[in-house]
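# Descriptive structure summary
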Amino acid sequence: MKLTVLVTCLGLLGIGSCSDEEPTLAPVAPVVVIGIDGLDPIVMDQLLADGRLPTFQRFADEGTLGRLGTLSPTWSPVIWTTIGTGQDAPAHGIENFLEPETSLPFTSNTRRVPAIWNLASDAGRTVDCAGWWITWPAEPVNGRMVASYAAQAQAKIIWKPTLWREMEHQTWPPKLATEIEPLLVMAEDAEQLRPAMRRAFPIPEQLDAFEGRLVNDMAWTHAADLSIAAVTGHLLDTGAADLTLSYLALPDVVGHRFWRYHSPNDVSYEVSSEDLAAFGDYLSLAYVEADRMLGELLAKAPKDALVIVLSDHGMHVDPETKYDADALTSGHHEDAAPGIIGVLGPPAARWGNLLGDKQRGEVGDVFGVAPMLMHLLDLPVPEHWRGAKGGSIPLERILDESWRLAHPITMGPSPDADFREATAPQLPGEGMSDAFFESFQGLGYLDSED
Ligand SMILES: [Zn+2]
């Protein structure tokens, strides 16, 4: 890092000495990354053909939309941390949902290597981050962090980050917590959440216990997404950072829970016509809702921004539960079904929709994202990162050639040794698990205790 600073300083000043002052970084166009868990290329391609995803269609019309290769085992906290760090699980240390020694959810202090928000901050770029996996407790950044704790992991109900009113260290700076408070849609606030859900999904008046459980899981995630989308919109509205990162989850949870209704021929039991009428469109509607939220964020992104939308994996029928009509889960992705990546904005290549293109459709993989972000921020890419082997970033075929020619990649040394020590997972506070159960049941969709 120090060497890089010196070289930059010499280069900028053209002289043989360098003061102790921070070098002035050349401004860069803002980069906005919207992560959406579990978006599947095949599902998306069909919905684009049906004209149901107007925002994603803009990526197809004015940028590039392709498949993003992923990891196996395909666990979301692992992949989102790989996307954020450029490194694999043995290196970054987030190897699953729960830390094996303590059986507690991984927390940000357990991460062994710096993430893009640390590196960009250290280099003087501004970073805003909302809802990203394994970011609680919020780390100090040169910008704003709304952290997420996988509290659902404790309850073993669903596995998505969410927001808690009572939880400490949820934002950086700490005073940001009061600022975002009015934007939060809390899952236990049925009066606030239900109208928003009903705008997106036709929820039947009568639900049996099983259906209630499925809808309940969806409700929890929908509330988190509405909150994070509103927070991200606020961050963009109030002075967009050089790098904005945001994470939404609805298509993943709906994919896991409602796949049998989306694609009834995939399962070996009969899905009733009543169920199909009630829930057959839910997965598509989750994509439509994600498209709507993405559209709102796109409207708030700076005009010169590069907007990147990506998912960590795709989704298909769960081979283990396809014979089991009572299984909670019918969608699955553990075999590294590819996700999607789209780019829109001045440096985006205009390859159009490549989702269904067998030859050229897989434009890169999850290891390419962090190096591409470093490059877009005009920062040196750590030379040991897998997605930048040999000084080139294969994923960057989704960036326009003229931009790439004008911006040669700078490689740098590994920053890992300078990063703080990893420590054991932290607990968000006494009684948080109990509070979780209470608020979850408060939704009113849950009839059984399991
Ligand atoms: Zn995922």
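The present account deals with the structure reproduced in this document. Only a predicted model underlies this, so the values are computations on that prediction, with no experimental measurement involved.

Taken together, the protein ligands of the zinc ion are D37 (OD), S76 (OG), D312 (OD) and H313 (NE2), with distances of 1.9 to 2.1 Å. Taken together, the four donor atoms coordinating the zinc ion and their angles of 96 to 127° define a geometry best described as tetrahedral. The sequence motif formed by the donor residues of the zinc ion is D-x38-S-x235-D-H. Here H313 lies in the loop between β9 (306–310) and β10 (316–317) and D37 lies in the loop between β1 (31–36) and α2 (41–49), a separation of 276 residues in the sequence. Take D37 and H313: they sit in the same class, and that class is buried.

Our focus in this paragraph is helix α3 (residues 54–62). Every buried residue belonging to α3 is among T55, F56, F59 and A60, and all of these are buried. Projected onto a plane normal to the axis of α3, the buried residues spread over an arc of 155° and lie on a single side. For α3, the exposed residues set more than 90 degrees away from the buried face come down to P54 and D61.

Turning next to the nonpolar core. The biggest cluster of nonpolar side chains holds 69 residues, and the ones touching the most others in it are M44, F56, F201 and F258. Counting residues per element, this core draws most heavily on helix α10 (residues 209–237), at 12 residues. Setting aside residues up to four positions removed in sequence, F56 forms contacts with I36, L39, M44, L48, L65, D291, L294, V309 and I340. By size, the runner-up hydrophobic cluster in this structure holds 60 residues, among which are W80, I83, F97 and L310.

Here we take up the pairing of strand β8 (residues 243–248). Counted residue by residue, β8 has six buried out of six residues, so it is predominantly covered. Going residue by residue along β8, you find L243, L245 and Y247 tucked away on one face and T244, S246 and L248 tucked away on the opposite face as well. Relative to β8, strand β5 (residues 127–130) runs parallel, the two sharing four bridges. Its bridge partner being in β8, A130 is matched across the sheet by S246.

This part takes up the packing of α2 against helix α13 (residues 282–300). Taken N-terminus to C-terminus, the directions of α2 and α13 make an angle of 80°; their axes are 11 Å apart at the nearest point. Comparing their axes, α13 and α2 come out roughly perpendicular. Facing α2, whose interface residues are V43, M44 and L47, α13 presents L283, S284 and Y287. For the contact of α2 with α13, the class distribution of residues is five nonpolar, one polar and no charged.

On to α10. Look at α10: 41 Å from first C-alpha to last across 29 residues, which is about the 42 Å you get at 1.5 Å a residue. With a side-chain oxygen positioned 3.1 Å from the backbone nitrogen of F210, the residue opening α10 is D208. One or two positions beyond α10, positive phi appears at G239, with a value near 90°.

Remark: helix α11 (residues 250–262) packs on α13, axes separated minimally by 7 Å, with the N-to-C direction vectors making an angle of 155°. Considered as vectors, α11 and α13 are oriented roughly antiparallel to each other. Here L250, P251, V254, G255, F258, W259 and H262 of α11 lie close against α13, whose contacting residues are Y282, L283, S284, A286, Y287, E289 and A290. Of the residues contributing to the contact of α11 with α13, the split by class is 10 nonpolar, three polar and one charged.

Our focus in this paragraph is the pairing of strand β12 (residues 339–344). For β12, the buried fraction is high: six of the six residues fall into the buried class. Burial along β12 is two-sided: the residues G339, I341 and V343 and I340, G342 and L344 are all buried. In terms of strand pairing, strand β2 (residues 64–69) meets β12 through five bridges, oriented antiparallel. Note on β12: the bridge partner recorded for R67 is I340. Pairing analysis gives four bridges linking β9 to β12, with the strands arranged antiparallel. Opposite L310, over in β12, you have I341 as the bridge partner.

Right, let's get into unusual backbone geometry. Looking along the chain, the bond that leaves S72 and enters P73 is cis, with omega of 0°. Tracing the backbone through its elements, the reader meets P73 in the loop between β2 and α4 (76–85). In this model, W136 is joined to P137 through a cis peptide bond whose omega is -5°.

So, about the packing of aromatic side chains. In this structure the tally under the stated criterion is 11 aromatic pairs. Between W80 and W132 the ring centres are 5.1 Å apart and the planes differ by 85°, which places this aromatic pair in the edge-to-face class. In this pair, W80 sits in helix α4 while W132 sits in the loop between β5 and β6 (143–146), placing the two residues 52 residues apart along the sequence. Across the pair, W132 and W80 agree in class, each one buried. The interplanar angle of 85° and the centroid separation of 5.1 Å between the aromatic rings of W80 and Y247 together place this pair among those described as edge-to-face. One end of the pair, W80, is in helix α4; the other, Y247, is in strand β8, and 167 residues separate them in sequence. There is no split in this pair, since W80 and Y247 are both buried. The structure contains a cluster of three or more aromatic residues connected by ring pairs, namely W80, F97, W132, W133 and Y247. The ring of F367 has R386 sitting right over it, with the charged end atom 4.0 Å from the ring centre.

What counts, and at which threshold
- Residues numbered from 1 in each chain as written.
- Predicted model: local features only at pLDDT ≥ 70, side-chain atom pairs only at ≥ 80, totals over all residues.
- Heavy atoms only, no water.
- Donors = N, O, S within 2.8 Å, 3.2 Å for Na, K, Ca; no water.
- Tetrahedral: all angles 85-135°; square planar, octahedral: opposite > 155°, others 65-115°.
- Helix = DSSP H or I, 4+ residues; strand = E, 2+ residues; numbered from the N terminus.
- Buried < 20%, exposed > 50% of the residue type's maximum accessible area, 1.4 Å probe, protein only.
- Arc of directions from axis to C-beta.
- Core = buried A, V, L, I, M, F, W, Y, C linked by side-chain atoms within 4.5 Å.
- Contact = heavy atoms within 4.5 Å.
- Pairing = 2+ DSSP bridges.
- Axes fitted to C-alpha atoms, helices over the stretch in contact; angles between N-to-C directions.
- Parallel < 35°, antiparallel > 145°, perpendicular 65-115°, else oblique.
- Nonpolar A, V, L, I, M, F, W, Y, C, P; charged D, E, K, R; others polar.
- Expected span 1.5 Å × (residues − 1).
- Polar contact = N/O pair within 3.5 Å; in protein donor to acceptor, adjacent residues only side chain to side chain.
- Phe/Tyr/Trp six-rings, centres within 6.5 Å; stacked < 30°, edge-to-face > 60°.
- Lys NZ or Arg CZ within 6 Å of the ring centre and 35° of its normal.

Taken by themselves, the reported measurements are silent on function.
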